[in-house]
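Given next are the chains, with one letter for each unit.
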Amino acid sequence: MPPRIIIVGSGILGLSIALELQQRFQHRSPKSHPSITIISAELPSQPSEWIDDPQRRPSPDYASMWAGAHYRPIPGASPQLRLEGQWAMDTFRRMRRIARDTPEAGVRLMPGIEYLEDPPEEYCRLRTGDCYAGEDDEFRVLDRAELPEGVTWGCRYNTYSLNAPHYSRWLLDQFLAGGGRILHRKLARLEEAFTLSEDGSLPLVINCTGRNFDQDDKMRIIRGQTLLVRNKFDKTITRQNRDGSWIFLIPRPFAGTIIGGTKEPGDMEMKPRIETRRKLLEDCVRAFPEFVARLEDFEVVLDNVGRRPWRDGGVRLEKERIGEGKTVIHAYGAGGRGYELSWGIAQEVADLVLASERSKL
Ligand SMILES: Cc1cc2nc3c(=O)[nH]c(=O)nc-3n(C[C@H](O)[C@H](O)[C@H](O)COP(=O)(O)OP(=O)(O)OC[C@H]3O[C@@H](n4cnc5c(N)ncnc54)[C@H](O)[C@@H]3O)c2cc1C
């Protein structure tokens, strides 16, 4: 059977969209069930494989392998933040189900804590009981007595974190078990995907390449360096300092804790910087002594460097005709939020696919 839907990219967006589509089509007879193929330059793998064989280490451009990843809402009233807020809440609902029903996926529910030294207006307007992360998030503004020194605003809410490479691999396994196909290949141009149909019919192509072949003027990268340590913690905490720097802890199911992290726009350095590692560990002891109180008590497993695919104006999620009968749905540019927006974006892409199908592409 020729591929009818081709998804280019197996990052968190490509994988979530692939599974969402399989679920939408599952009630159909095998004859009318479109085949779904993922074509990707890189595929999910796990740190246990890279540590033994550095050749298998994913490139920093494969952002999904380097994410923390936790869910931190971003309050704000701009149209972009409102749309992302809706995607994030849809994703939270789905992640709660995954955490409850399939713990082997590597998603865990836990408390989230925010500490801000210099909070913007939109944080100060929030009140205990508001809906911050999603339904039943038990959002609470912290009392002054609960705040660490230097922090002027803080909150506590229900959220989740996940083991990014493990969860991605789990999604891929679900996709394959559901009859999906994989082609491990790097494309020179998106148009190439249209030439891969076995009977000459044109597939619908979904562009989940993270950065769109660097063909979009609105795209930038934001370098992130973090550390995986074996030490364990039971909540995700983020502290935003007055000077714009951050320090955060993200429990990583089955593995330890991610300590982060940097946000370095346009910085293409691929290797971890030793001075950044040192600073992250020192800042961590200072900010979160309840996690690890002395530098010598850290058990470092891995340094991570990834490039967040950030897009001015937010994710590009739209349908485009690029030639006679050639339809592309773009879904890229998720910046630092790909995991926490993943199911919301996947649902919207699936709606576009079904609408395209009704209008015969
Ligand atoms: C340090 C760090 C921490 C982060 N923390 C969080 C977090 O806590 N929460 C959160 O939600 N997000 C976080 N993110 C952001 C998140 O990782 C990204 O938003 C997300 O991974 C983007 O996913 P994607 O599928 O769009 O792209 P990617 O993961 O980059 O995947 C792109 C895919 O396209 C393929 N591809 C690209 N070009 C081609 C080509 N020419 N031919 C074939 N295939 C191609 C690649 O091989 C890959 O499979 C973090 C990122 C970093 C770097």
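Residues numbered from 1 in each chain as written. Predicted model: local features only at pLDDT ≥ 70, side-chain atom pairs only at ≥ 80, totals over all residues. Heavy atoms only, no water.

So, the overall build of the protein
The test is simple: Segments assigned H or I by DSSP are reported as helices when at least four residues long, segments assigned E as strands when at least two residues long, and all are numbered from the N terminus. For the radius of gyration, the atom set is restricted to C-alpha positions; the globular benchmark scales as 2.2 Å times the number of residues to the power 0.38. Residue burial is assigned from relative accessible area. The probe radius is 1.4 Å, only protein chains are included, and a residue is buried under 20% of its type maximum, exposed over 50%, and partly exposed in between. Note on areas: these come from Shrake-Rupley sampling with a 1.4 Å probe, and a residue is covered only by the protein chains present in the view. Positive charges come from Lys and Arg alone, negative charges from Asp and Glu alone, with His and the N- and C-terminal ends not counted. Lys charges are placed at NZ, Arg charges at CZ, Asp charges at CG and Glu charges at CD.
In terms of helices and strands, the protein carries seven helices and 15 strands. Taking 2.2 N^0.38 as the reference for a compact globule, 361 residues should give roughly 21 Å; the C-alpha atoms of the protein span a radius of gyration of 21 Å, in line with that estimate. In terms of principal-axis extent, the alpha carbons of the protein reach across some 65 × 45 × 40 Å. Counting over 361 residues, the protein shows a buried share of 54%. Summed over all atoms, the accessible surface of the protein reaches about 16700 Å², with 49% contributed by carbon and sulfur. The positive charge centre, built from 52 side chains, and the negative charge centre, built from 52, are 3 Å apart in the protein.

Details of the layout of surface pockets
Note the threshold: Definitions used for this entry: grid spacing 1 Å over protein atoms alone; cavity, a set of points where a 1.4 Å probe fits but cannot get out; pocket, an open set with protein on both sides within 12 Å along at least 5 of 7 lines; lining residue, one with an atom within 4 Å of a point. Grid points are joined across faces, edges and corners, and a volume is the space filled by probe spheres set on the points.
Empty space within the second largest pocket amounts to approximately 320 Å³. Around the second largest pocket sit 19 residues that line it, and Ile-74, Pro-75, Gly-76, Met-89 and Tyr-132 are the ones nearest its centre. Counting residues per element, the lining of the second largest pocket draws most heavily on helix α3 (residues 79-101), which supplies six residues.

Thoughts on the sheet that holds strand β2 (residues 36-40)
Here is the rule: Two strands form a pair only when DSSP identifies at least two bridges running between them. A fitted line through C-alpha atoms represents every axis, and for helices the fit uses only the stretch in contact; the resulting angles, taken between N-to-C directions, go from 0 to 180 degrees. Note on contacts: a residue pair is in contact if any heavy atoms of the two residues lie within 4.5 Å.
Pairing in this open sheet of six strands is mixed, and the strands run β6-β2-β1-β7-β15-β14 from one edge to the other. The outermost strands of the open sheet, each flanked by one partner alone, are β6 (181-184) and β14 (316-323). Ignoring which end each strand starts from, the neighbouring axes of this sheet average 20° apart. Across the sheet, helix α5 (residues 164-177) is in contact with β2 and β6; its angle to β6 comes to roughly 120°.

Brief notes about the site of the ligand
As a reminder of what qualifies: The near set for a molecule or strand comprises every residue that places at least one heavy atom within 4 Å of it. We call two N or O atoms a polar contact when they sit within 3.5 Å, provided that within protein one can donate a hydrogen and the other can accept it, with sequence-adjacent residues counted only if both atoms are side-chain atoms. Residues are grouped as follows: Ala, Val, Leu, Ile, Met, Phe, Trp, Tyr, Cys and Pro are nonpolar; Asp, Glu, Lys and Arg are charged; every other residue, Gly included, is polar.
Near the ligand, the surroundings consist of 37 residues, among which Ser-40, Ser-64, Leu-187, Gly-335 and Glu-340 are the closest. Between the ligand and Asp-61 there is a distance of 3.2 Å, counted from an oxygen atom to a backbone nitrogen or oxygen. Within the contact set of the ligand, a nitrogen atom lies 3.1 Å away from a backbone nitrogen or oxygen of Gly-336. Taken by itself the ligand offers 1000 Å² of open surface, and the protein chains cover 95% of this. Of all the secondary-structure elements, those providing two or more residues to the shell around the ligand are α1 (12-25), β8 (219-229), β13 (300-311) and α7 (338-358). Tallied by class, the residues present in the shell around the ligand amount to 15 nonpolar, 15 polar and seven charged.

Some remarks on the packing of aromatic side chains
Short version of the rule: Side-chain rings of Phe, Tyr and Trp (the six-membered ring for Trp) are treated as a pair once their centres are within 6.5 Å; stacked means planes under 30 degrees apart, edge-to-face means over 60, and tilted covers the remaining angles. Two thresholds decide whether a charge sits over a ring: the Lys NZ or Arg CZ must be within 6 Å of the ring centre and within 35 degrees of the ring normal.
For the structure shown, the criterion picks out eleven aromatic pairs. Here the aromatic cluster, defined as three or more aromatic residues joined through ring pairs, consists of Tyr-71, Phe-92 and Tyr-160. The side chain of Arg-94 reaches across the aromatic face of Trp-343, ending 3.9 Å from its centre. Over the face of the ring belonging to Trp-246 we find Lys-263, whose NZ or CZ atom lies 3.5 Å from the ring centre.

Notes on the state of the cysteines
We count it as follows: Two cysteine sulfur atoms make up a disulfide if the distance between them is within 2.5 Å.
All told, the structure shown has zero disulfides when counted by the stated rule. With no disulfide of its own, Cys-155 lies closest to Cys-124 among cysteine sulfurs, the gap being 11 Å.

With respect to the pattern of salt bridges
Put simply, the rule is: Salt bridges are identified by distance alone: a Lys or Arg side-chain nitrogen within 4 Å of an Asp or Glu carboxyl oxygen.
Inspection of every chain in the model, using the stated rule, returns 33 salt bridges. With a closest N to O distance of 3.4 Å, Glu-121 and Arg-125 form a salt bridge. Glu-121 gets classed as partly exposed once you look at its relative accessible area, which sits at 49%. The shortest N-O distance in the salt bridge between Asp-297 and Arg-294 comes to 2.9 Å. For Arg-294, a relative accessible area of 44% corresponds to the partly exposed category.

Comments concerning the nonpolar core
Within soluble globular proteins, side chains that are nonpolar generally end up buried alongside one another. Where we set the bar: We call a set of buried residues a nonpolar core when its members are Ala, Val, Leu, Ile, Met, Phe, Trp, Tyr or Cys and they connect through side-chain atoms within 4.5 Å of each other.
Ranked by internal contacts, the top residues of the largest apolar core, which has 58 residues, are Ile-7, Leu-21, Tyr-167 and Ile-206. In terms of residue count, the dominant contributor to this core is α7 (nine residues). Excluding residues within four positions of it along the chain, Ile-7 makes contact with Gly-14, Ile-17, Ala-18, Leu-21, Ile-36, Thr-37, Ile-38, Ile-39, Ile-206 and Cys-208. Core analysis: the second largest hydrophobic core is formed by 21 residues, Val-151, Ile-237, Cys-284 and Phe-288 among them.

Some details on the packing of α1 against α5
Inclusion rule: Throughout, a crossing is termed right-handed when the near helix is turned clockwise from the far one, and left-handed when it is turned anticlockwise from it by less than a right angle.
α5 packs onto α1 with a crossing angle of 35° between their chain directions and a minimal axis gap of 9 Å. You can see that α1 and α5 cross each other, and the crossing is left-handed. Together, Ile-12, Leu-15, Ser-16, Ala-18, Leu-19 and Gln-22 of α1 and Tyr-167, Ser-168, Leu-171, Leu-172, Gln-174 and Phe-175 of α5 make up the contact between the two elements. Within the contact of α1 with α5, the residues separate by chemical class into eight nonpolar, four polar and no charged.

Some words on α1
Applied cut-off: One fewer than the residue count of a helix, multiplied by 1.5 Å, yields its expected span.
Here α1 is 14 residues long and its end C-alpha atoms lie 20 Å apart, about the 20 Å a rise of 1.5 Å per residue gives. Of all 14 residues in α1, twelve are buried, a share of seventy percent or more. For α1, the full list of buried residues reads Ile-12, Leu-13, Gly-14, Leu-15, Ser-16, Ile-17, Ala-18, Leu-19, Glu-20, Leu-21, Gln-22 and Phe-25.

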